[in-house]
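Structural characterization, general
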Amino acid sequence: MKTIIEPFRIKMVEPIRMTSELERTEILQRAGMNVFLIPAQEVLIDLLTDSGTSAMSSEQWAGIMRGDESYAGATSWYRFEKVMHEITGMPYILPTHQGRASERILFELIGGPGKVIPNNNHFDTTRANIEYSGAEAVDLVIDEAADPNNLHPFKGNLDLRKLENLITHYGPKAIPLCMITITNNRGGGQPVSLENIRKVHQVTKDYGIPLYLDACRFAENAAFIQQRESGYADRSIREIVKEIFSLAEGATISAKKDGLVNIGGVLLLRNESLAAKANNLLILSEGFVTYGGLAGRDLEAMAQGFQETLEKDYLLYRLRSIAYLGNHLTQIGIPIVQPTGGHAIYIDAKSFCAHIPPYQFPGQALVCALYRYAGIRAVEIGTLMFGQANETPESIPKERMELVRLAIPRRVYTQSHIDYVIEALGEIFAKRETLSGLKIVSAPSILRHFTARLQEITPTNPPRN
Ligand code: F0G
């Protein structure tokens, strides 16, 4: 059989509230053309993020009931610790409330002024935590990642030549660790090959620099290795995952992605003295070492989720359902970042809305059209998210991509939901010239995309005030 089915059946449902285009036009106006300001119940299909939006399994819910809420040494903690140890082989396992809490603890310990941290692409919160510590965050992804049409199978790879140059430039003492994000969320959810991780490990080891992973989507990355990297087709996902972690000195993980839970995170460490210091910071702000920032029931759900995420049928369905969306969009001519990544489809809005210049936010124009036309919520990853208030139309970097991310929550939507998304995008694509650019009416100075208010550019709302 060629058809790959969802490897689960549905036991509990959550109704979606239907709205009309007229209602959504008003909702969008009230939200200042910013989908972050729309109440979730006004959204039909929510593709804002794959983080914390998974559907849990019956075994996870059973774990929730079993959760041991003892302050110290809870049974749920020992179960979680054992599972994480078995999967990753890491000796020190610290539970946190989500990924950025693990990042904050790590960079408070090893960051600081004068330090430089390389990564393929730092995710926003990782960069923010590094910069907050006074250190510098540098992106070293391979050049192929900047071309949406390049079909490189591991576009998340870190460029070894750029890494060597960085080490020569700053000296190894300025680099307390090198990170690799698997999969590379900022770069289109693209995977990193085991060959690349091994080579980065070799280079950093030669200079005495430890390698860390931002491993939020390690299971999806391992599945890509199994499917695309030669020599791994017959290796199990668990073996591949073990090999990935064997090359790392530590890892930060948000369990809200591949952990299949709604809240939770982990910090994994190999070094005993660093782990002792991290435990002190954990107690200071998250909680005692056997629960971190979580309840016992959350640890149970994570212990179960991290095992389910490694199941062959689950990963096959997961990657195939993202590819299904990507392939259909490509067939109808919609430009997306190729090849399809692990958790989302990234539409190339620069090309989709070629008539809207970057300073009029082509990605946001498409995000608004998707919501107004079909009630679908996506997110802009372009000039609205990364632009600065003092940017002029001329100073916007030409290499900046204008993307719209359709992130797919795990085990939540069925194929007909995805068919609806494909149809909506096809219809918007057919009338794309009618989409208007936008201008900012008000915005805060940092992380402006969350709360900015915008207005469509029409004859009554001309581009410049
Ligand atoms: N690292 C990566 C690669 C991420 O994608 C995220 C979160 C984090 C770290 C931080 O984890 O949210 O648990 O604190 N990404 C979400 C997203 C928010 O929508 O892509 P967190």
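What counts, and where the lines are drawn
Residues numbered from 1 in each chain as written. Predicted model: local features only at pLDDT ≥ 70, side-chain atom pairs only at ≥ 80, totals over all residues. Heavy atoms only, no water. Helix = DSSP H or I, 4+ residues; strand = E, 2+ residues; numbered from the N terminus. Rg over C-alpha atoms; globule rule 2.2 N^0.38 Å. Buried < 20%, exposed > 50% of the residue type's maximum accessible area, 1.4 Å probe, protein only. Contact = heavy atoms within 4.5 Å. Areas by Shrake-Rupley, 256 points an atom, 1.4 Å probe, with all protein chains shown as cover. Lys, Arg positive; Asp, Glu negative; His and termini not counted. Charge placed at Lys NZ, Arg CZ, Asp CG, Glu CD. Polar contact = N/O pair within 3.5 Å; in protein donor to acceptor, adjacent residues only side chain to side chain. Core = buried A, V, L, I, M, F, W, Y, C linked by side-chain atoms within 4.5 Å. Domains from an automatic or database assignment. Pairing = 2+ DSSP bridges. Axes fitted to C-alpha atoms, helices over the stretch in contact; angles between N-to-C directions. Buried area = accessible area lost by both parts, 1.4 Å probe. Salt bridge = Lys/Arg side-chain N within 4 Å of Asp/Glu carboxyl O.

**A few points about the overall build of the protein**
- Each helix and strand in the protein was counted, giving 16 helices and 14 strands.
- Taking 23 Å as the expected radius of gyration for a compact globule of 465 residues, we find that the protein reaches 22 Å, a close match to that expectation.
- Dimensions of the protein, computed from C-alpha atoms along their principal axes, come out at roughly 65 × 55 × 45 Å.
- Scored against the burial criterion, the 465 residues of the protein give a buried share of 56%.
- Pairs at least 24 residues apart make up 71% of the contacts formed inside the protein by residues separated by at least 6 positions.
- Total accessible area computed for the protein in this model is approximately 20,000 Å², and 54% of it derives from carbon and sulfur atoms.
- Treating the 48 positive side-chain charges of the protein as one cloud and the 52 negative ones as another, the clouds have centres 1 Å apart.

**A closer look at the side chain of Glu42**
- If you trace the backbone, Glu42 turns up in the loop between α1 (21–30) and β1 (45–46).
- Polar contacts involving the side chain of Glu42 include one to the side chain of Arg17, which spans 2.5 Å.
- Setting aside residues no more than four positions away along its own chain, Glu42 makes contact with Arg17, Thr19, Ile27 and Tyr371.

**Some thoughts on the nonpolar core**
- Core analysis: the biggest nonpolar cluster contains 63 residues, and Phe80, Phe218, Phe245 and Phe306 have the highest contact counts within it.
- No other element matches helix α8 (residues 218–228), which puts six residues into this core.
- Residue assignment places this core across two domains, with domain 1 (21–50 + 311–455) and domain 2 (58–308) each supplying three or more.
- Discounting residues that sit within four places of it in the chain, Phe245 has contacts with Thr88, Met90, Leu213, Ala215, Phe218, Ala251, Ile253, Leu268 and Arg270.
- Of all hydrophobic cores here, the second largest spans 48 residues; its members include Ile322, Leu370, Leu384 and Leu438.

**Section: the sheet that holds strand β8 (residues 265–269)**
- Strand order in the open sheet formed by five strands is β2-β8-β7-β6-β5, with mixed pairing between adjacent strands. The open sheet terminates on both sides in strands that have one partner only, identified here as β2 (92–96) and β5 (178–181). On average, each strand axis in the sheet is inclined to that of its neighbour by 15°, with strand direction left out of account.
- Bridging between β2 and β8 involves five bridges; their strand directions are antiparallel. Bridge pairing in β8 links Thr96 to Gly265.
- Of the strands in this sheet, β2, β5, β6 (211–214), β7 (250–254) and β8 touch helix α4 (residues 99–110), which is tilted by about 35° from β8.

**A closer look at the domain arrangement of the protein**
- Once the domains are mapped, the protein shows domain 1 (21–50 + 311–455) and domain 2 (58–308).
- A C-alpha centroid distance of 27 Å is found between domain 1 and domain 2.
- Domain 1 puts 23 residues into the contact, and the matching count from domain 2 is 29 residues.
- Across the interface of domain 1 and domain 2, roughly 2,300 Å² is buried in total on both sides, 55% from carbon and sulfur atoms.
- For domain 1, the biggest contributors to the area lost against domain 2 are Leu315, Leu319 and Pro339; these three give 23% of the whole.
- At the junction of domain 1 with domain 2, the criterion picks out five salt bridges.
- Salt-bridge contacts for Glu220 lead to Arg318; the nearest nitrogen and oxygen are separated by 2.9 Å.
- The leading source of residues in the side of domain 1 that touches domain 2 is helix α12 (residues 312–331), at five residues.

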